[in-house]
Amino acid sequence: MNIPVTKLDKLNTQVGFIGLGLMGSRLARRLHSSGWHLQAWNRSSQPANELNKAGIAIAPSAASLVAASDVILSSLANDEAVRSVYLDEGGVFAAARPGTIILEMSTISPELSRSLHKEARASGVHFLDVAISGSTPAVDAGTITLLAGGEKETFEQCVPIFESIARQWFLIGPGSSGVQMKLVVNLLLGVDMQAIAEAVSLGEHLQIDRDVLLDVLSRTAVIAPAMAGKFRKIKDGDYSPEFPLRLMSKDMNLVMDAARKSGADLPAASAAQSVLASNVFKNGDLDLSAITPSVVGQGLGTGV
C-alpha cells in the first residue's frame, strides 16, 4: 500500500530563495504574494534591496538563509555561479540541515547537476533539479512549465510550491533529467528564433511591406505561442530583455556540448549557436530577438 506523501504547507514551511535576477526576483515575488514565509539572498545587494522594499526579508548571507530554511530555491545565471553558491566554503551544502529540500532551478550543465545531486545525498539533503521553461512574462503570469529530475517523493511534497509559480510541472526522471529536458526545450527556442529572424530577412529582401510581414507571420500556425510576442519586439525595435541573448547563447553552448558528448548531430542548432555567439558582445543584455536586425543585415543602430 502506498503511503500518502505529506505535502509542504505555507503555515509551517520556511522558504529561502537564492538568486534575484530577472527570473529569480519574479519567482520570489510570486511565492511571497502567495503567502509563503520567505526570505531571500543575492550575491549583489541592489536586487535584494528592491525586493526588501516589497516586504520580502533579506538574509545577511547565504549560510544564514540556508540554516533557517526548510526549503531552498535557487535561480542563478550559469555553472560558475551555481558552483560558487553551493560548493564554496560557507555555501549551501555547508550550511544545509539534513532533511532540507533544495529546488535548484538554474539552467546548468548536466555534469554539474549530477555533482550537486551527489553532494546532496552525502549531506542528507533532498535535491531536485527543477528547470524552468518560460521567460519573464510567463513567470509574472504564473504560466511557466517546470521540468524536474530527482526523487518522486520529494517532487510530490513540493507540489504546493509548484502550484504557486507554475501552470504545469513534470518529473522527467532521475537526478539531472530536468536540466537535460530543459536543454532539449531550449534547443527549440534557439532554433525557432533563428528561423523567425531568417523569415523576416527573406520577407524584407522580397520587399514585402514590413508591418504586413510581421503581422501576418505572427498569426500563422507555424509560430509557437511562446514566440508570438517576439514580433512586437521586432516591429517596435524594443529589445528589452525577457530572455537575455547572453543566456540563450549560454544555453545553446550547453546544448551543443551535450550533443557532442551524446553523439547527437544538430546542424540547425549549430547555426543558431553561431549567430547568437556573434551577437553576445554587442547585444548580450538585450532580448534574444535582438539577433533579428543582425540576420536581416541592418544592425541595431544607435537608438536601441
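Rules used in this analysis
- Residues numbered from 1 in each chain as written.
- Predicted model: local features only at pLDDT ≥ 70, side-chain atom pairs only at ≥ 80, totals over all residues.
- Heavy atoms only, no water.
- Axes fitted to C-alpha atoms, helices over the stretch in contact; angles between N-to-C directions.
- Helix = DSSP H or I, 4+ residues; strand = E, 2+ residues; numbered from the N terminus.
- Parallel < 35°, antiparallel > 145°, perpendicular 65-115°, else oblique.
- Left-handed = near helix turned anticlockwise from the far one by under 90°.
- Contact = heavy atoms within 4.5 Å.
- Nonpolar A, V, L, I, M, F, W, Y, C, P; charged D, E, K, R; others polar.
- Buried < 20%, exposed > 50% of the residue type's maximum accessible area, 1.4 Å probe, protein only.
- Expected span 1.5 Å × (residues − 1).
- Arc of directions from axis to C-beta.
- Pairing = 2+ DSSP bridges.
- Salt bridge = Lys/Arg side-chain N within 4 Å of Asp/Glu carboxyl O.
- Polar contact = N/O pair within 3.5 Å; in protein donor to acceptor, adjacent residues only side chain to side chain.

K.L.:
Can you explain the packing of helix H6 (residues 110-123) against helix H10 (residues 177-205)? Please cite residues and give values.
P.N.:
Closest axis-to-axis distance for the H6/H10 pair is 9 Å, and the angle between their directions is 160 degrees. Classed by the angle they form, the pair H6 and H10 counts as roughly antiparallel. Considering the relative orientation of H6 and H10, their crossing is right-handed. Across from Pro 110, Ser 113 and Arg 114 in H6, the residues of H10 making contact are Val 179, Gln 180 and Leu 183. Residues that form the contact of H6 with H10 fall into these classes: 3 nonpolar, 2 polar and 1 charged.

K.L.:
Describe the environment of Pro 98, listing the residues and the values that go with them.
P.N.:
Looking at where Pro 98 falls in the secondary structure, it is placed in the loop between helix H5 (92-95) and strand E5 (101-104). Residue class for Pro 98 comes out exposed when judged on its relative accessible area of 66%. Linking Pro 98 and His 126, residues 28 residues apart in sequence, is a C-alpha distance of 8.3 Å. Residues in contact with Pro 98, not counting those within four places in the same chain, are Ser 123 and Gly 124.

K.L.:
Break down H6 for me, citing the residues and quoting the values.
P.N.:
Taking 1.5 Å as the rise per residue, H6 with 14 residues should run 20 Å; its terminal C-alpha atoms sit 20 Å apart, in good agreement. Regarding H6, the residues found buried are Pro 110, Leu 112, Ser 113, Leu 116, His 117, Ala 120 and Ser 123. Considered in projection along H6, the buried side chains sweep an arc of 160 degrees and stay on one side of the axis. Among the exposed residues of H6, those oriented more than 90 degrees off its buried face are Lys 118, Arg 121 and Ala 122. Looking at the packing, one finds that the buried side of H6 touches helix H4 (79-87), H5, E5, strand E6 (126-133), strand E7 (144-149) and H10. Two residues or fewer past H6, Gly 124 is found with a positive phi of approximately 75 degrees.

K.L.:
Can you explain the pairing of strand E4 (residues 71-74)? Please cite residues and give values.
P.N.:
Of the two faces of E4, the one lined by Val 71 and Leu 73 and the one lined by Ile 72 and Ser 74 are each fully buried. The sheet contact formed by strand E1 (residues 14-18) and E4 spans 4 bridges and is parallel. Bridge assignment links Gly 16 to a residue of E4, and that residue is Ile 72.

K.L.:
Residues and numbers for the side chain of Asn 186, please.
P.N.:
Note that Asn 186 resides in helix H10. Beyond its immediate stretch of four places on either side in the chain, Asn 186 contacts Phe 243, Met 248, Asp 251 and Met 252.

K.L.:
Summarise the sheet that holds strand E2 (residues 37-41); cite the residues concerned and give the values.
P.N.:
One open sheet holds the 8 strands; their spatial order is E3-E2-E1-E4-E5-E6-E7-E8, and the pairing between them is mixed. At either margin of the open sheet sits one strand with a lone partner, and together these are strand E3 (57-58) and strand E8 (166-173). Across the face of the sheet, H6 comes into contact with E5, E6 and E7 while running at roughly 150 degrees to E6.

K.L.:
Can you tell me about the side chain of Lys 250, naming the residues and giving the values?
P.N.:
When you line up the elements, Lys 250 lands in helix H13 (residues 245-262). Since its relative accessible area comes to 18%, Lys 250 is described here as buried.

K.L.:
Pulling in residues and values, what's your account of the pattern of salt bridges?
P.N.:
The tally for this structure, following the rule as stated, stands at 15 salt bridges. Where Glu 111 meets Lys 261, a salt bridge forms, and the shortest distance between an N and an O atom there is 3.3 Å. Here Glu 111 is found in helix H6, whereas its partner Lys 261 is found in helix H13, with 150 residues between them in sequence. A relative accessible area of 55% places Lys 261 in the exposed class. Bridged by salt links that share partners, the residues Glu 111, Arg 114, Asp 257, Arg 260 and Lys 261 form one connected network.

K.L.:
Outline H4, listing residues and values.
P.N.:
For H4, the full list of buried residues reads Asp 79, Ala 81, Val 82, Val 85 and Tyr 86. Projection of H4 onto a plane perpendicular to its axis shows the buried side chains occupying an angular sector of 160 degrees, all on one side. Sitting at the head of H4, Asn 78 places a side-chain oxygen 3.3 Å from the backbone nitrogen of Glu 80.

Bear in mind that shape data such as this cannot, by itself, settle questions of function.
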